[in-house]
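# Secondary and tertiary structure notes
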Amino acid sequence: MKYLDEYRDEKIARSLVSKIARRATRPWVLMEVCGGQTHTLMRYGIDDLMPAGIELVHGPGCPVCVTSLETIDKAIAIASRPGTTLVSYGDMLRVPGSHSDLFRVKAGGGDVRIVYSPLEALKVARAHHDRQVVFFGIGFETTAPANAMAIWQAKQEGLDNFSMLASHVLVPPAMGLLLGSPGNRVQGFIGPGHVCTVMGYREYERLSAEFDIPIVIGGFEPVDLLEAIAMLVAQLEEGRAEVENQYCRSVSYEGNLPAQATMQRVFEVCDQKWRGIGLIPQSGLRIREEFAAHDAGCLFELDTISADEPAECISALILQGLKKPTDCAAFACRCTPENPLGAPMVSAEGACAAYYHYRRHAAAAGSPSHE
Amino acid sequence: MSDYAKTVEGFACPAPLPARETILLGHGSGGKLSADLVREIFLPAFDNPALARLDDQAILDVNGSRLAFTTDSFVVKPLFFPGGDIGSLAVHGTVNDLAMGGARPLFLSAAFIIEEGLPLETLRRVVESLQRAAKQAGVSVVTGDTKVVEKGSGDGLFINTSGIGLVRPGIELSANRAKPGDKVLLSGAIGEHGIAILAQREGIQFDTTIESDSAPLDSLVAAMLDTGAAFRCFRDPTRGGLSSAMNEIAVQSNVGIELDERAIPVREEVHGACEMLGLDPLYVANEGKLVAIMQPEDAERALEAMRKHPLGSEARIIGTVAHAHPGMVTLRTLLGTTRVVDMLAGDQLPRIC
């Protein structure tokens, strides 16, 4: 398939691996920001191809994993109400809240539906005027424009039975937090290609300059990631700390301006809580007052529930790249995708789930699977 | 959202959920949750040697004849889809489960659970299609049942078919017979049925329509068995896709299976749809494909026979059975690295980005 096969080509990949190996004279710790990138690294075993010394750690960029427990509980509370339909992206359904998940709410008779786009949720609202239709709008700058567009359209149409439980997170503040933390080990970032497709990479220049760290905006195919790693290693070896764009077939400096305008029209920046990390100032988006009629957070009375975290789950350390999933004692035994202790085991993009699905043979090393 | 600012929860992580108490849709996905139900509820209750083989069909000795017996229920939505409908699928599913046991399918039952309000014309179309498919597969529908449930208690139409077939003398096939060194053969491209249904259900349009591969595999199996090659096991990778079928064999035979990503055919349209929807074709359902595990020395002969058959023209060797990592399936990726092909817990979920 065009635009795919050439980015999954073994020859090109091998030559990039040799290039990285030739270039690296010292150990370097690199972090990919996006869950989609983690997924590709694991699926293609790219960490196995790295020369000794190049360590890949996995960032907080899985939108499912970092959505706060309270937000999940709110979605569950909404979905449990009679006369209400909760519409969501698929992988949110399995994320455990404090006491339940959306699959269980659905099994108990709640009206929970999976869609691929928030605009499909509008269709549901138009077709069911007698029901309150709530879209569970989560994600990074990637999903925010389409979610904003859904709210904007609902307002234009006067679709008063449509609202959104919005919980958006922004990448640069989280990267800033990681870089500023005393335990930080990350020396170079593979930047979030899809986020930058929307936002451009101006903001990343500020981060790179402030923390004196190279950032290469990377794509999501194996060759993209290897090329981004090669570019990072080159910068580190040469003592440069710049923003470079590997994913130039999708990312431009300014990004998608109409998408940004739509986001700014509907959302405003707010403090946001990240599951596994905590509160990060100015790291989220909330629905502007003007669109309050479509803000499920305002429309529904939602109790805030706080939950005890299992002491065993080290997701906080995983999401900051301080530990690997396989460093966790619960990994693949007490914590599995069927019974996740923490969010990174839930979504296919979560680091723990990616290790579980693709990398267990290394851990098992000939011994039978320990399930 | 100002409440976020007030409650500083620190490094949060959720408590594990209590043990499974209710049936979730994932229990019907053909993945781990389905396997749990079989192991924890059905096997202990019905405990007997024929069931314990856990193959797609029971093989029963009756007065010196070996009968294959199987049952399957069909709840597909929509009832009509490109490449088939619930009627033809109800025949193919059961016929194929018999064929995978090395049996010639002979007789079917058909039970219809109909929701009040279903147009009679719809039922007629389904029944006619079911009969056409039965005729093509050389089986007769010899008994049946009809139930009507109240509006809202069903989803239009559910069909159950059971089937009986006669196992070829001398043929012993089971998922517990795979041995290190064996070859894994696949009859054609994967993922077509699942994507055809999903595209129809979600209203996703492609340049060309993706059709279900739903087809009766009994004649392909017969052609393969006619070669006299030594087969260990046949499986049709339906729910849960190629991954579930391979994992079941790896577990039941206590062997490792090593697949080669390059060798597994996936049609361009299916590949594109999977990329777009964030799905892995290894987990997408098929209704007209089979995998065979067999002794390596006979593999070429079997491939030749498969390729002469219209349903096996794209047959390939896709992997090998190994000593290493018993119970686990691995895949040599396009980059030459190795990864695990896990069995999914429940249904494959579309990813967010």
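Reading the values: rules and limits
- Residues numbered from 1 in each chain as written.
- Chains lettered and ligands numbered in written order.
- Predicted model: local features only at pLDDT ≥ 70, side-chain atom pairs only at ≥ 80, totals over all residues.
- Helix = DSSP H or I, 4+ residues; strand = E, 2+ residues; numbered from the N terminus.
- Rg over C-alpha atoms; globule rule 2.2 N^0.38 Å.
- Buried ≥ 20, exposed ≤ 12 C-beta atoms within 10 Å, placed from the backbone.
- Contact = placed C-beta atoms within 7 Å.
- Pairing = 2+ DSSP bridges.
- Axes fitted to C-alpha atoms, helices over the stretch in contact; angles between N-to-C directions.
- Core = buried A, V, L, I, M, F, W, Y, C linked by C-beta atoms within 7 Å.
- Right-handed = clockwise from strand over helix to strand, strands pointing away.
- pLDDT = per-residue confidence, 0-100.
- Left-handed = near helix turned anticlockwise from the far one by under 90°.
- Nonpolar A, V, L, I, M, F, W, Y, C, P; charged D, E, K, R; others polar.
- Domains from an automatic or database assignment.

### Topic: the overall build of chain B
- Along its length, chain B carries ten helices and 14 strands.
- Since a compact globule built from 353 residues should have a radius of gyration of about 20 Å, the 21 Å found for chain B is in line with a globular shape.
- Overall, the C-alpha framework of chain B stretches about 75 × 55 × 50 Å when taken along its three principal axes.
- Put simply, chain B has 353 residues, and 49% of those count as buried.
- Sequence separation of at least 24 residues holds for 83% of the intrachain contacts in chain B that already meet a minimum separation of 6.

### Some details on the overall build of chain A
- What chain A contains, in helices and strands, is 16 helices and eleven strands.
- Its C-alpha atoms give chain A a radius of gyration of 21 Å, within 12% of the compact-globule value 21 Å for 371 residues.
- Here the C-alpha coordinates of chain A stretch approximately 65 × 50 × 45 Å along the principal axes.
- Looking at chain A residue by residue over its 371 residues, the buried ones come to 58%.
- Pairs at least 24 apart in sequence give 77% of the contacts found in chain A among residues at least 6 apart.

### Focus on the sheet that holds strand β11 (residues 278-287) of chain A
All names here are of chain A.
- Read across the open sheet, the six strands follow the order β4-β3-β5-β6-β11-β10; overall the sheet is mixed. Only two strands of the sheet have a single neighbouring strand rather than two, namely β4 (111-114) and β10 (267-274). In this sheet, neighbouring strand axes are inclined to one another by 25° on average, regardless of whether the strands run parallel or antiparallel.
- Direction of pairing for strand β5 (residues 132-139) relative to strand β6 (residues 162-169): parallel, over a ladder of seven bridges. Across the sheet, residue Ile138 finds its bridge partner in β6, namely Ser167.

### Observations regarding the nonpolar core
- Leu185(B) and Ala292(B) are the most contacted members of the largest nonpolar core, which has 210 residues in total.
- Here this core gets ten residues from one element, more than from any other, and that element is helix α12 (residues 222-238) of chain A.
- Sequence-distant contacts of Leu185(B), that is, excluding residues within four places in its chain, are made with Val291(B), Ala292(B), Met294(B), Ala299(B), Ala302(B), Leu303(B), Met306(B), Ala315(B) and Ile317(B).

### A word on the sheet that holds strand β6 (residues 140-149) of chain B
All names here are of chain B.
- Strand order in the open sheet formed by five strands is β1-β2-β7-β5-β6, with mixed pairing between adjacent strands. The sheet is open, and its two borders are formed by β1 (58-62) and β6, each paired with just one other strand. Across the sheet, the mean angle separating the axes of adjacent strands is 20° when strand polarity is ignored.
- In the sheet, strand β2 (residues 65-74) pairs with strand β7 (residues 157-167) via eight bridges, with the strands oriented antiparallel. Bridge pairing in β7 places Ser73 opposite Asn160.

### Thoughts on the pairing of strand β8 (residues 215-218) of chain A
Residue and element names in this part refer to chain A.
- Residues Ile215 and Ile217 line one face of β8 and the alternating positions Val216 and Gly218 line the opposite face, and both faces are buried.
- Pairing between strand β7 (residues 188-192) and β8: four bridges, direction parallel. Note on β8: the bridge partner recorded for Pro192 is Gly218.
- The pairing of β8 with strand β9 (residues 243-245) spans three bridges and is parallel. Along β9, the bridge assignment pairs Ile217 with Asn245.
- In this region the chain leaves β8, passes through α12 and returns to the parallel neighbour β9; the handedness of that crossover is left-handed.

### A short note on the pairing of strand β13 (residues 329-332) of chain B
Residues and elements named next belong to chain B.
- Alignment of strand β10 (residues 256-260) against β13, held across four bridges, turns out to be parallel. Residue pairing across strands places Asp260 opposite Arg332, the latter belonging to β13.
- Sheet analysis places β13 next to strand β14 (residues 338-340), joined by three bridges and oriented antiparallel. Across the sheet, the residue bridging to Thr330 is Val340, located in β14.
- Between β13 and β14, which pair antiparallel in sequence order, lie five residues; one of them, Gly336, sits at a positive phi of approximately 90°.

### Brief notes about the confidence of the model for chain B
- A residue-level look at chain B finds 93% of positions with pLDDT of 70 or above and a mean pLDDT of 90.
- Scoring the predicted complex yields pTM 0.86 and, for the interface, ipTM 0.80.

### Considering helix α2 (residues 35-43) of chain A
Residue and element names in this part refer to chain A.
- For α2, the buried fraction is high: nine of the nine residues fall into the buried class.
- Regarding α2, the residues found buried are Gly35, Gly36, Gln37, Thr38, His39, Thr40, Leu41, Met42 and Arg43.
- Positioned one or two residues after α2, Gly45 has a phi angle of 60°, which is positive.

### What to know about the packing of helix α7 (residues 218-226) of chain B against helix α10 (residues 299-308) of chain B
Residue and element names in this part refer to chain B.
- Remark: α7 packs on α10, axes separated minimally by 9 Å, with the N-to-C direction vectors making an angle of 145°. Seen from above, α7 lies across α10 with right-handed handedness. Contact residues: α7 offers Leu220, Ala223, Met224 and Asp226, while α10 offers Ala302, Ala305 and Met306.
- Considered class by class, the residues forming the contact of α7 with α10 number six nonpolar, no polar and one charged.

### Observations regarding the domain arrangement of chain A
- For chain A, the assigned domains are domain 1 (5-60 + 180-192 + 202-245), domain 2 (65-170 + 255-299) and domain 3 (315-364).
- Between the C-alpha centres of domain 1 of chain A and domain 2 of chain A there is a distance of 32 Å.

### A look at the environment of Arg235(B)
All names here are of chain B.
- With respect to the element layout, Arg235 can be found in strand β9 (residues 231-235).
- Judged by C-beta crowding, with 23 C-beta atoms within 10 Å, Arg235 ranks as buried.
- C-alpha separation for the pair Arg235 and Asp56, spaced 179 residues apart in sequence, amounts to 7.7 Å.
- With residues near it in sequence (within four places) discarded, Arg235 still touches Asp56, Met100, Ala175, Ala245, Ile249, Leu290 and Val291.

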